[in-house]
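# Architecture and fold: a report
Chain by chain, the residues:
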There are 2 protein chains.
Amino acid sequence: MGVVSAQLQVISYPQSKVRSTGFEVVEVELPALQPEQVLVRNTWTSVDPGLRLRLRKTAPAGYFTSFPLHAPMDGILTIGEVVESRAKGFTVGDTVWHAQGWRQYAVVDASVEQMNGLGTLKILDTTNTPPQWYLGPLGGMGLTAYAGLSVVRALDGGERVWVSAAAGAVGAIVAQIAVEMGHRVVASAGSAQKVSWLLDEVGVEGAFNYREESPRAALARLAPEGIDVYFDNVGGEHLEAALDAMRPFGRIALCGSVSDYELAAVGPRNLFLATAKNLTLAGFRGGAHVHLLDEMQNLLGTWLREGRMTYRETVYSGLENAPIAMRDMLAGRTIGKTLIRL
Amino acid sequence: MGVVSAQLQVISYPQSKVRSTGFEVVEVELPALQPEQVLVRNTWTSVDPGLRLRLRKTAPAGYFTSFPLHAPMDGILTIGEVVESRAKGFTVGDTVWHAQGWRQYAVVDASVEQMNGLGTLKILDTTNTPPQWYLGPLGGMGLTAYAGLSVVRALDGGERVWVSAAAGAVGAIVAQIAVEMGHRVVASAGSAQKVSWLLDEVGVEGAFNYREESPRAALARLAPEGIDVYFDNVGGEHLEAALDAMRPFGRIALCGSVSDYELAAVGPRNLFLATAKNLTLAGFRGGAHVHLLDEMQNLLGTWLREGRMTYRETVYSGLENAPIAMRDMLAGRTIGKTLIRL
């Protein structure tokens, strides 16, 4: 007899905006542990913008796969505690991460690679480190931020950098790394409160609320000499404004375009400026740069413990609130990393 | 008393398509030579797609400047013969290139850098080398082709490369370099005749006529496993098809988007695939890579003299036919490099 576990399942795909309907918490009996498996009681699970792309019958080719209906949702980074182990190297009580979130308990294959290695079952060092940091700045979000700055060769400082959605899970890390690295940072976000946080806590040189001022106008005001690096979390009008404002040989990290996830996508009409100004647009996913994980965790872990880096989270309790968490995050109503505490 | 020279001037900017009206051949008296100047009798001048962008009241920011009305058009690479010299190092009879085309005679400052160095007055080695090659494969076109392959790290061969507008001035050079380098090349062009030339003369593995078959369908047929490198001379639907067909970690050289020059530009609606597939889009201008000029001229010059590389040109005679040459080139009616013989 296996353990009985609650899990969140998708019942129907949202038509446009994600709402709190269309999901169901289902109780399932887990199979008994096989050799090389561990049973994990999940404690924290991650809510990422990319989830939206999987709540479709057909997910974008080459990206994540679609979540099947009436089935567990795989490939979501999660923290938990080992409660039973038949795998060498894993002991009851270990804090681990793995890729089977959005459920209470998970049977995890210890030796199967998940999410290009990022989601493979792994024991976490929780010395002076709250475990949920590994879902935020020390996990996929931190890796995405660090990898993005790496692919546009912006880890050395000394340039003018614009970060959009800079109060979001990835953006907030990017902005802080960029400030710590010695860049002159302009940040944008969607509320006055977020802008204040960026100026006062993160210490960016300039920040603006894109709901009050267009990115083009704000960049002309805050970075009249142009920008060298743009970290794009938004796409759409933001990306067009960046192409306009880029200095020659500028680089754009294409991290995601949340503005397109729920609407018909519009490409940047001024992409020709990339040719005119010798610009590079580098699309990337953190998961393609797992080789940077240790370097990132060492650096950001030190900054976090020393208080040089701020990390904020918006926490929802219980599986049944996961759809609400996702809805709120996609609508820009959460700050920092969005998490479910189980 | 200076020499009297005919020159082409813009009288009014074309509203949409370039037509043969709106230009005028004007006779002007040139100033007498000053020290460090030479008088050049032009023999060949270049007709490039980029000219279209300068036939506007406002040219794209950061790119070329607009041609002023009723004035000589500067910044056009041209071949000529020195007929009088007051500059050290230049002698009557030298074949040179410089940046003052579309006129019979030009007074050229020998020591002033033009076009990032590409158009600075320079003596050409015409041993076994027809001078007009320096306006085509050994000039800006060759540099653009070579630099584009360089910025997407495609000078080593062994990959699947798609070249659009592959019978055009730049595209034909790119396709041939790619074949010589050992890539598996798919090429596209706008007529059956051009497609035959690409298959039979250039030796690409596959080619298609985009007027008969959509790029998406053709790529699915000719490169079902996807493409690693796309050399974009077209933009629009071609670029979208490339983003769809790119393999993970693919690279796109953004050389120009002639499809947008005369119409309202449409950005690629599927740019998000750059993130999903870790793609890089590298905008570039040949003029930003003048450091590659000697390397390119040595390599391509050898291939041309050995007959390993084909070079075609469409030649119009006389300044008065320059507007017709430009109109025909933009409409895709010319093959290879478009030139004016003066």
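In the block above lies the structure referred to throughout.
Residues numbered from 1 in each chain as written. Chains lettered and ligands numbered in written order. Predicted model: local features only at pLDDT ≥ 70, side-chain atom pairs only at ≥ 80, totals over all residues. Heavy atoms only, no water.

## Some points on the pattern of salt bridges
When the charged atoms of two side chains with opposite charge come close together, those side chains can pair. Residue and element names in this part refer to chain B. Selection criterion: A pairing counts as a salt bridge when a side-chain nitrogen of Lys or Arg comes within 4 Å of a carboxyl oxygen of Asp or Glu. By the criteria applied, helices consist of DSSP H or I runs no shorter than four residues and strands consist of E runs no shorter than two, each listed in order from the N terminus.
Under the defined criterion, the tally for this structure stands at 32 salt bridges over all chains. Where Glu225 meets Arg160, a salt bridge forms, and the shortest distance between an N and an O atom there is 2.9 Å. Remark: Arg160 occurs in strand β8 (residues 160-163) and Glu225 occurs in the loop between α5 (215-222) and β11 (227-232); sequence separation between them is 65 residues. Linking Glu225 and Arg184 is a salt bridge whose minimum nitrogen-to-oxygen distance equals 3.8 Å. In this pair, Glu225 is assigned in the loop between α5 and β11 and Arg184 in strand β9 (residues 184-189), connecting sequence segments 41 residues apart.

## Observations regarding the packing of helix α2 (residues 140-151) of chain A against helix α9 (residues 293-305) of chain A
Residues and elements named next belong to chain A. Put simply, the test is: Axis lines are fitted through C-alpha atoms, for helices just across the contact stretch, and the angle between N-to-C directions can take any value from 0 to 180 degrees. Working definition: roughly parallel below 35 degrees, roughly antiparallel above 145 degrees, roughly perpendicular at 65 to 115 degrees, and oblique for all remaining angles. Contact criterion: two residues are considered in contact whenever any of their non-hydrogen atoms come within 4.5 Å of each other. Think of it as three bins: nonpolar holds Ala, Val, Leu, Ile, Met, Phe, Trp, Tyr, Cys and Pro, charged holds Asp, Glu, Lys and Arg, and polar takes everything else, Gly as well.
The N-to-C vectors of α2 and α9 enclose an angle of 105°; their axes lie 10 Å apart at closest approach. With respect to each other, α2 and α9 are oriented roughly perpendicular. For the pair α2 and α9, the contacting residues are Gly142, Leu143 and Tyr146 in the first and Leu293, Glu295, Met296, Leu299 and Leu300 in the second. Looking at the contact of α2 with α9 residue by residue, the classes come out as 6 nonpolar, 1 polar and 1 charged.

## Topic: the relation of the copies chain A and chain B
This is how the line gets drawn: A least-squares superposition brings the copies together, and it is based on the C-alpha atoms of residues with pLDDT no lower than 70 in both.
Expressed as a screw transformation, the operator carrying chain A onto chain B has a rotation angle of 180° and an axial translation of 0.0 Å, and the superposed copies differ by an RMSD of 0.0 Å. The superposition of one copy onto the other is thereby described by a two-fold rotation axis. When C-alpha distances to the rotation axis are compared across chain A, the minimum falls at Gly267 of chain A, with a value of 1.9 Å.

## Topic: the interface of chain A and chain B
This is how the line gets drawn: We define buried area as the total accessible area lost by two parts upon association, computed with a 1.4 Å probe and summed across both. Polar contact is defined as a pair of N or O atoms within 3.5 Å, subject to the rule that within protein one atom must be able to donate a hydrogen and the other to accept it, and that residues adjacent in sequence are counted only when both atoms are side-chain atoms. If DSSP finds at least two bridges between two strands, the strands pair.
Opposite the 32 residues of chain A that make contact, chain B presents 32 residues. For the pair chain A and chain B, the summed buried surface comes to about 2300 Å²; carbon and sulfur atoms form 65% of the total. Our count for the contact surface shared by chain A and chain B stands at 9 residue pairs in polar contact (both at pLDDT 80 or more). With 5 residues, the top contributor of residues to the side of chain A that touches chain B is helix α8 (residues 272-276) of chain A. Class assignment of the residues belonging to the side of chain A that touches chain B gives a composition of 20 nonpolar, 9 polar and 3 charged. Examined bridge by bridge, strand β13 (residues 280-283) of chain A and strand β13 (residues 280-283) of chain B share 3 bridges and lie antiparallel to one another. Within β13 of chain B, the residue paired with Leu281 of chain A across the bridge is Leu281 of chain B.

## A few points about the sheet that holds strand β8 (residues 160-163) of chain A
Pairing within the open sheet is mixed, and its 12 strands lie in the order β10(A)-β9(A)-β8(A)-β11(A)-β12(A)-β13(A)-β13(B)-β12(B)-β11(B)-β8(B)-β9(B)-β10(B). Two strands close off the open sheet at either side, each with one partner strand: β10 (206-209) of chain A together with β10 (206-209) of chain B. Pairwise comparison of adjacent strand axes, ignoring direction, gives a mean angle of 15° for this sheet. The pairing of strand β9 (residues 184-189) of chain A with β10 of chain A spans 4 bridges and is parallel. Across the sheet, Ser188 of chain A pairs through a bridge with Phe208 of chain A, a residue of β10 of chain A. This element, α2 of chain A, spans β11 (227-232), β12 (246-254) and β13 of chain A of the sheet and lies at about 145° to β11 of chain A.

## Section: helix α2 (residues 140-151) of chain B
Residue and element names in this part refer to chain B. Note the following rule: Multiplying 1.5 Å by the helix residue count minus one yields the expected span of that helix. Classification of residues uses two cut-offs on accessible area relative to the type maximum, computed with a 1.4 Å probe and protein chains only: under 20% is buried, over 50% is exposed, and between them is partly exposed.
For α2, built from 12 residues, the straight-helix expectation of 16 Å at 1.5 Å per residue is met to within 8% by its first-to-last C-alpha distance of 16 Å. In terms of burial, α2 is a largely internal element, 10 of the 12 residues being buried. Buried residues in α2 make contact with α3 (169-180), β11, β12 (246-254), α9 (293-305) and β15 (337-341). Arg153, located one to two residues past α2, shows a positive phi value of around 50°.

## Points about unusual backbone geometry
Residues and elements named next belong to chain A. One non-glycine residue, His70, lies in positive phi territory at about 55°. Of note in this structure, Asn278 is not a glycine but carries a positive phi near 55°. Structurally, Asn278 is set in the loop between α8 and β13.

## Concerning the packing of aromatic side chains
Any pair of aromatic rings gets described here by the distance separating the centres and the angle formed by the planes. Residues and elements named next belong to chain B. The condition that has to hold: In this scheme Phe, Tyr and Trp rings, the latter by its six-membered ring, pair at centre separations within 6.5 Å, and the angle between planes marks the pair as stacked below 30 degrees, edge-to-face above 60, and tilted otherwise.
Across all of its chains, the model carries 8 aromatic pairs over all chains by this definition. Aromatic pair Trp97 and Tyr134: ring centres 6.2 Å apart, planes at 85°, arrangement edge-to-face. Of the two residues, Trp97 is situated in strand β5 (residues 95-98) and Tyr134 in the loop between β7 (122-123) and α2; the sequence distance between them amounts to 37 residues. With respect to burial, Trp97 and Tyr134 carry one shared label: buried. With centroids separated by 6.1 Å and ring planes inclined at 35°, the aromatic side chains of Trp162 and Phe208 adopt a geometry described as tilted. Highlighted residues: Trp162 in strand β8 and Phe208 in strand β10, separated in sequence by 46 residues. Note on accessibility: Trp162 and Phe208 belong to one class, buried.

## Considerations on the side chain of Asp328 of chain A
Residues and elements named next belong to chain A. Mapped onto the elements of the fold, Asp328 is located in helix α10 (residues 322-330). A distance of 3.1 Å separates a polar atom in the side chain of Asp328 from a polar atom in the side chain of Arg327. Every residue in contact with Asp328, bar those within four places of it in the chain, is listed here: Tyr316, Arg333 and Thr334.

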